[in-house]
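What the coordinates show
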Amino acid sequence: AVVSTQSTGGSAAIESVRGLSSVHLITMFPEGMVSGVQEKLMTSALDPNVHVYRVQGTGDDIDKFMKRVFVDAEFAKTHNLGSVNSINWARIMLQVVHYFYSYLQFCDPECGDQVDVIIPTGGCGNLTAGILARMMGLPVRLRCAVNANDVVHRMLQSGEMSVSECLLTIAPAMDIQVPYNMERIWYLVTNMNTTLVSDLMKQFEQAHTLTLPPTLLSQLSSHILSSLSATDEDIRKCIRKVWQEDNYLICPHTATGLHLFLEQPSTNLHPSKTVILATASVMKFEEAVVSAGLSFPEFREVVELEGRETRCGLMAKGQDWEQVLRDKICEISNLA
């Protein structure tokens, strides 16, 4: 299995397969674009079936060459390739369950009311799951929160989808300029119009900019009620607010969702029942907590992690990263 990650997904994937003799996992993360704890969780996995690489590029760079490897159907079949993050449709299917579970928490004593779900997002995998849940009949309305890498917010507001420089923020899992699940979302909301989606993706991949047809923008708006971009300072304020008012620390990605909730409060157009999807444990984001002016607690798990031995390969700038990945996959297959 192959994983590209800027988030907790990498270490979660590792924990699910480490020590297995029948599965090898290659995990790649962009250098300097994950937190220190997230990196240590991945690089301290020394099992022989786990192969971790630090890539001197962005998450978008990794997604591009990883996608080319998977699109090579013959190569993928020969080496039994699979993925564990949201490139794999099974991950999105599992996330659909989260929406139904969250909604059911409000069914007291009966179901039927609409619920807003605020989704912090970068690659839009969880947003895809939310749209699927709606199409299955779940009465939820989706609201999309992003960080300063606001390509999704801009697209939803104006129909303009364009790539700019990827900004490093304190919510690193959302530091994405190319939301790779967007073509799936277009596919779903256009009633599986493969010709349109294929044409749009070709335009975007060639020009790195795209103006959505008005009909498609309207179809997206029918599922996604609103969106908002949060700056690093917005995120810090929300982390501080929750700590000061509730004595509870939230992760910086969760804070983008809270920012949207505070800036776009419930009105006559919004139900009073709202779920903010909390995305990760705060213990992985010391840098964000400290930058918010708060003391970072001493978590036993983090202290224990700091003493672990690490191992990590490097995909250096200037190398052919796709070829490095292909060579590693072939090497693993030859060992099997």
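My aim in this report is to walk through the structure given alongside it, one point at a time. (Residues numbered from 1 in each chain as written. Predicted model: local features only at pLDDT ≥ 70, side-chain atom pairs only at ≥ 80, totals over all residues. Heavy atoms only, no water.)

1. A word on the sheet that holds strand β3 (residues 50-55)
Taken in spatial order, the four strands make up an open sheet running β1-β2-β3-β10, and their pairing is parallel. Every interior strand has two partners, whereas the edge strands, β1 (2-4) and β10 (313-315), have only one. Going across the sheet, the axis of each strand differs from the next one's by a mean of 25°, ignoring polarity. Pairing geometry for strand β2 (residues 25-30) and β3, over six bridges, is parallel. Paired with T27 across the strands is V52, a residue of β3. Each of β1, β2, β3 and β10 is contacted by helix α3 (residues 59-71), which is oriented at about 155° to β1, the strand it contacts most. (Pairing = 2+ DSSP bridges. Helix = DSSP H or I, 4+ residues; strand = E, 2+ residues; numbered from the N terminus. Axes fitted to C-alpha atoms, helices over the stretch in contact; angles between N-to-C directions. Contact = heavy atoms within 4.5 Å.)

2. Some points on the sheet that holds strand β5 (residues 140-146)
The sheet built from four strands is open, its strands ordered β8-β5-β4-β9 with parallel pairing. In this open sheet, the two edge strands, each paired with only one partner strand, are β8 (224-229) and β9 (274-276). Pairs of neighbouring strands in the sheet enclose a mean axial angle of 20°, with direction left out of account. Both strand β4 (residues 115-120) and β5 contribute to a ladder of six bridges, which runs parallel. Looking at β5, one finds that V117 is bridged to L142.

3. Quick word on the side chain of H223
On the secondary structure map, H223 appears in the loop between α10 (214-221) and β8. For H223, a relative accessible area of 14% gives the class buried. In this structure H223 touches I131, R134, M135, L142 and V189, once residues within four positions along its chain are discounted. (Buried < 20%, exposed > 50% of the residue type's maximum accessible area, 1.4 Å probe, protein only.)

4. A few points about helix α15 (residues 321-335)
With 15 residues, α15 ought to run about 21 Å at 1.5 Å a step, and its terminal C-alpha atoms sit 21 Å apart, in line with that. Those residues of α15 that are buried are in contact with β1, β2, β3, α3, α4 (73-78) and β10. (Expected span 1.5 Å × (residues − 1).)

5. Section: the packing of aromatic side chains
Given two aromatic rings, one states the distance between the centres and the angle between the planes to describe the pair. Counting across every chain of the model gives two aromatic pairs. A ring pair is formed by F65 and W321, whose centres lie 6.1 Å apart and whose planes are at 50°; its orientation type is tilted. On the criterion of sequence distance, the pair formed by F65 in helix α3 and W321 in helix α15 is long-range, its members being 256 residues apart. Its relative accessible area of 1% is what places F65 among the buried residues. Positioned above the aromatic ring of F75 is the side chain of R326, whose terminal nitrogen or guanidinium carbon lies 4.7 Å from the ring centre. (Phe/Tyr/Trp six-rings, centres within 6.5 Å; stacked < 30°, edge-to-face > 60°. Lys NZ or Arg CZ within 6 Å of the ring centre and 35° of its normal.)

6. Overview of the pattern of salt bridges
Applying the stated rule across the entire model yields 18 salt bridges. Residue K273 is joined to D113 by a salt bridge in which the shortest nitrogen-to-oxygen separation is 3.0 Å. Separated by 160 residues along the polypeptide, K273 in the loop between α12 (252-263) and β9 and D113 in the loop between α5 (89-104) and β4 bring together distant segments of the chain. For K273, a relative accessible area of 23% gives the class partly exposed. Relative accessible area serves as the criterion here: at 48%, D113 is assigned to the partly exposed category. Taking the shortest distance from any N to any O, the salt bridge between E322 and R326 comes out at 3.0 Å. (Salt bridge = Lys/Arg side-chain N within 4 Å of Asp/Glu carboxyl O.)

7. Points about the layout of surface pockets
Leftover empty space is mapped by rolling, across the atoms, a probe with the size of a water molecule. The calculated volume of the largest pocket comes to roughly 850 Å³. Around the largest pocket, the lining comprises 38 residues; the ones closest to its centre are S7, R91, Q95, A173 and T279. Of all elements in the fold, only β1, α1 (9-17), α3, α5, β4 and α6 (125-135) reach the threshold of two or more residues within the lining of the largest pocket. Of the residues contributing to the lining of the largest pocket, the split by class is 15 nonpolar, 21 polar and two charged. Approximately 550 Å³ is the volume attributed to the second largest pocket. Sorting the residues of the lining of the second largest pocket by element identifies α3, α8 (182-189) and α9 (194-207) as the ones contributing at least two each. For the lining of the second largest pocket, the element with the highest residue contribution is α3, accounting for seven residues. In the lining of the second largest pocket, the residues fall into eight nonpolar, two polar and eight charged. (1 Å grid on protein atoms, 1.4 Å probe; cavity = no way out; pocket = protein on both sides within 12 Å on 5 of 7 lines; lining within 4 Å. Points joined across faces, edges and corners; volume = space filled by probe spheres on them. Nonpolar A, V, L, I, M, F, W, Y, C, P; charged D, E, K, R; others polar.)

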